[in-house]
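Examination of the molecular architecture
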Amino acid sequence: DVSGQIAIEVTGDVGYTAVDAVDWLRGGVYNPAPVSYAVSGQVVIGRRESRSGLQVGLEGGLQHLLAYSVTRDGKELRGDVKAMRLLGFTRFWMGENHSWFGELALGSHFFDGFTDPSLNVAVGTVLGSGKIQFPVKVRGSVLFDTEAMVIPVVFQTGISYQLGS
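A short tour of the structure in this document, coming up. (Residues numbered from 1 in each chain as written. Predicted model: local features only at pLDDT ≥ 70, side-chain atom pairs only at ≥ 80, totals over all residues. Heavy atoms only, no water.)

1. What to know about the overall build of the chain
- In terms of regular secondary structure, the chain is built from one helix and nine strands.
- The secondary structure elements of the chain, listed N-terminal to C-terminal, are β-α-β-β-β-β-β-β-β-β.
- With the principal axes as the frame, the chain shows a C-alpha extent of 65 × 25 × 25 Å.
- Residue burial in the chain is summarised as follows: out of 165 residues, 41% are buried.
- Partitioning the intrachain contacts of the chain with sequence separation of at least 6 by distance along the chain shows that 58% fall at a separation of at least 24. (Helix = DSSP H or I, 4+ residues; strand = E, 2+ residues; numbered from the N terminus. Buried < 20%, exposed > 50% of the residue type's maximum accessible area, 1.4 Å probe, protein only. Contact = heavy atoms within 4.5 Å.)

2. Digging into the pairing of strand β7 (residues 115–127)
- Here strand β6 (residues 100–110) runs beside β7; their pairing, made up of 10 bridges, is antiparallel. Looking at the pairing, F101 lines up with G124 of β7.
- Once β6 ends, the chain turns through four residues before running back antiparallel as β7, passing G113 with a positive phi of about 100 degrees.
- Where β7 and strand β8 (residues 132–144) come together, 10 bridges link them in antiparallel fashion. For T125, the partnering residue across the bridge sits in β8 and is V136.
- The antiparallel pairing of β7 with β8 creates a hairpin that spans four residues between the two strands, and G128 there sits at a positive phi of about 90 degrees. (Pairing = 2+ DSSP bridges.)

3. Re the environment of D20
- Checked against the element boundaries, D20 lands in the loop between β1 (6–19) and α1 (21–24).
- Judged by its relative accessible area of 41%, D20 is partly exposed.
- Counting along the chain gives 78 residues from D20 to H98, while the straight-line C-alpha distance between them is 38 Å.

4. Things to note about the pairing of strand β9 (residues 149–162)
- Judged from the 13 bridges that link them, β1 and β9 form a sheet pairing that is antiparallel. Residue pairing for β9: A7 is matched across the bridge by Q162.
- Two strands pair when backbone bridges link them, and β8 and β9 are joined in this way by nine bridges, in the antiparallel orientation. By the bridge assignment, Q133 is partnered in β9 with S160.
- Between β8 and β9, which pair antiparallel one after the other, the connecting turn spans four residues.

5. Details of the nonpolar core
- The biggest cluster of nonpolar side chains holds 13 residues, and the ones touching the most others in it are W24, L65, L66, Y68, V81 and F111.
- Mapped by element, the contributors of at least two residues to this core are α1, β4 (54–72) and β5 (75–94).
- Looking at which element gives the most residues to this core, the answer is β4, with four residues.
- For L66, the contacting residues outside a window of four places in its chain are T17, V19, W24, Y30, A33, P34, V35, G79, D80 and V81.
- One finds A7, L87, F89 and A105 within the second-largest nonpolar core, a separate group that totals five residues. (Core = buried A, V, L, I, M, F, W, Y, C linked by side-chain atoms within 4.5 Å.)

Below, the structure is given as structure tokens:
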């Protein structure tokens, strides 16, 4: 019986993206606006209260990593770097009454014309009880691009709805 073992979460995040932009954008004078933000949805399977405190899930979303302008050969180019992300994750609950969790996620960020694998680590908690709860976490990610590593660090929060009883 999976009743009460599936939750749907919708979250938003905001933070900072670290990247060696000169390598990533292949040269030029770089003026960053490294604000990262995203909206995503998660399906979480497993009971937080179980003996193992282990849950698994999938996440999909759209992430804006940064805006930039770069000057090359006297010409200014402007752009936004954004990607669709798809992650599989494990959430493990810790502490008294399983009050804190850690997450480890592997996935991919799908840019226009290429895909970067990613490793994502988070720590957080859930506020509230019952069918509707509010997850709050800090997440760091590493996107393994061929030119440079891209590292967004974000604060993420949203709403979670527990299906079933």
